[in-house]
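Spelled out from the first residue to the last, the chains are:
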Amino acid sequence: RIRETVIPAGEIGVTFDDIGALDDIKESIQELVMLPLQRPDLFTGGLLKPCRGILLFGPPGTGKTMLAKAIADEAGASFINISFSSFASKWYGDAEKSIRALFSLAAKIAPAIIFLDEVDSMLGTRKQSNEHEVSRRIKTEFMTHWDGLLSKSSVKILVLAATNRPFDLDEAIIRRFEHRIMVGLPTLESRELILNKLLSKEKVENIDFKELARLTEGYSGSDLKNLCVTAAYRPMREILQKEIETKKDKDKQSQDKKEKQTQDKKE
Ligand code: ATP
């Protein structure tokens, strides 16, 4: 079954400014997505047509979903997040109906971005011998509607997809993504920028960002975020520990006082 979550334009809550590094990707997006929306007069056909499909690929946690949301935010578009939970639908017809409903919803709320996370699980290779019949139908239906977008230049719908396994995608699907953007693991310089971004709203002092970036080779943006979250627990634990000790001291003082009063009474 196909499940979708819709975030209306203006309520996405992720902006390009929240993303550390990835400047070259942000620039490409500006040209591929924003410009056709802002200056449709420049994209009147021929070689320059509005872009209908962008594939973001790369290792897990490198910010692909974040980028997709920020693109929708920047474009003032609604964000339709599609997850494909299972092919095991008894009602094969339902899957095709869902795709039709998806595209008609997108047209209704356009400008809209249809985001397919882990697109390989939904539109994976047709060569797999165990491919389920319903999966094949979904792909065919999806491609038909997607192709329909190409012929209508006025419809503002973009299919954005993310995958860690681009080679598992069906060739016919890959071809339809006019632009494929690699989102790789961050370099030393990028890690420093991402760490700066992640900690920009926190009260932190004396952090050697360069050294931290050097020590985190191989970390993705998501790993860096987890590192910061883990580190944030430390001062919190210290505060809690102090509170516990202060309470213990107070309890002890009141216990001592009580004991002294009892003693005084006895005397
Ligand atoms: P997956 O392939 O596993 O779905 P992904 O590439 O879509 O991962 P995200 O889900 O976008 O990665 O990133 C996970 C989290 O990591 C983000 O919510 C964000 O907190 C952090 N993150 C990743 N990259 C960046 C970045 N460049 N700047 C700031 N935060 C980042």
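The rules we used
Residues numbered from 1 in each chain as written. Predicted model: local features only at pLDDT ≥ 70, side-chain atom pairs only at ≥ 80, totals over all residues. Heavy atoms only, no water. Buried < 20%, exposed > 50% of the residue type's maximum accessible area, 1.4 Å probe, protein only. Helix = DSSP H or I, 4+ residues; strand = E, 2+ residues; numbered from the N terminus. Pairing = 2+ DSSP bridges. Polar contact = N/O pair within 3.5 Å; in protein donor to acceptor, adjacent residues only side chain to side chain. Contact = heavy atoms within 4.5 Å. Near = heavy atom within 4 Å. Areas by Shrake-Rupley, 256 points an atom, 1.4 Å probe, with all protein chains shown as cover. Axes fitted to C-alpha atoms, helices over the stretch in contact; angles between N-to-C directions. Parallel < 35°, antiparallel > 145°, perpendicular 65-115°, else oblique. Left-handed = near helix turned anticlockwise from the far one by under 90°. Nonpolar A, V, L, I, M, F, W, Y, C, P; charged D, E, K, R; others polar. Patch = residues over 30% accessible without salt bridge, like charges linked within 9 Å, V, L, I, M, F, W, Y side chains within 5 Å. Salt bridge = Lys/Arg side-chain N within 4 Å of Asp/Glu carboxyl O.

The name that an unreviewed UniProt entry assigns to the protein is AAA+ ATPase domain-containing protein, with the source organism given as Digitaria exilis.

**Student:** Looking at this model, I keep getting lost on the pairing of strand β5 (residues 157–163). Mind explaining?
**Tutor:** Looking down a regular strand, the side chains alternate between one sheet face and the other. In terms of burial, β5 is largely enclosed, as seven of its seven residues are buried. Along β5, one buried face is formed by Ile157, Val159, Ala161 and Thr163 and the opposite face, lined by Leu158, Leu160 and Ala162, is buried too. Looking at chain direction, strand β4 (residues 112–116) and β5 are connected through five bridges and run parallel. Its bridge partner being in β5, isoleucine 113 is matched across the sheet by leucine 158.

**Student:** Would you mind going over the environment of isoleucine 138 with me for this structure?
**Tutor:** Mapped onto the secondary structure, isoleucine 138 falls in helix α5 (residues 133–151). Through-space distance from the C-alpha of isoleucine 138 to that of valine 183 is 27 Å; in sequence the pair is 45 residues apart.

**Student:** Got a minute to help me understand the side chain of threonine 62 in this structure?
**Tutor:** With respect to the element layout, threonine 62 can be found in the loop between β2 (53–57) and α2 (64–75). A polar contact of 2.8 Å, which involves the side chain of threonine 62, links it to the backbone oxygen of proline 59. Not counting residues up to four positions away in its chain, the partners in contact with threonine 62 are Leu22, Val183, Gly184, Leu185 and Ser220.

**Student:** Help me understand the site of the ligand, please; the structure alone is not making it clear to me.
**Tutor:** Among the 16 residues in the neighbourhood of the ligand, the closest are listed as Gly20, Gly61, Lys64, Thr65 and Met66. In the environment of the ligand, an oxygen atom lies 2.8 Å from a nitrogen or oxygen atom belonging to the backbone of glycine 61. Separating an oxygen atom of the ligand from a side-chain N or O atom of asparagine 164 is a distance of 3.0 Å. Bound to the protein, the ligand loses 79% of the 630 Å² it would expose on its own. Elements with a contribution of two residues or more to the shell around the ligand: α2, α7 (188–198) and α9 (221–266).

**Student:** Got a minute to help me understand the packing of α7 against α9 in this structure?
**Tutor:** Relative orientation and spacing of two packed helices are given, respectively, by the angle between their axes and the distance between those axes. Running from amino to carboxyl end, α7 crosses α9 at an angle of 45°, the nearest separation of the two axes being 10 Å. Judged on the interaxial angle alone, α9 and α7 are oblique. Where α7 crosses over α9, the two elements pack in a sense that is right-handed. Within the contact between the two elements, α7 uses Arg191, Ile194, Leu195 and Leu198 and α9 uses Gly221, Leu224, Lys225 and Cys228. Grouping the amino acids of the contact of α7 with α9 by side-chain chemistry returns five nonpolar, one polar and two charged.

**Student:** What am I meant to see in a nonpolar patch on the surface here?
**Tutor:** On the surface, Val229, Tyr233, Met236 and Leu240 cluster together to form a nonpolar patch covering roughly 350 Å² of accessible area. With respect to the helices and strands, methionine 236 occurs in helix α9.

**Student:** When you look at the packing of helix α1 (residues 23–38) against α2 in this model, what are you seeing that I'm missing?
**Tutor:** Across the interface, α1 lies against α2 with an axial gap of 10 Å and an inter-helix angle of 40°. In terms of orientation, α1 and α2 fall into the oblique class. As α1 packs across α2, the resulting crossing turns out to be right-handed. For the pair α1 and α2, contact is made by Ile25, Ile29, Gln30, Val33, Met34 and Leu37 and by Leu67, Ile71, Glu74 and Ala75, respectively.

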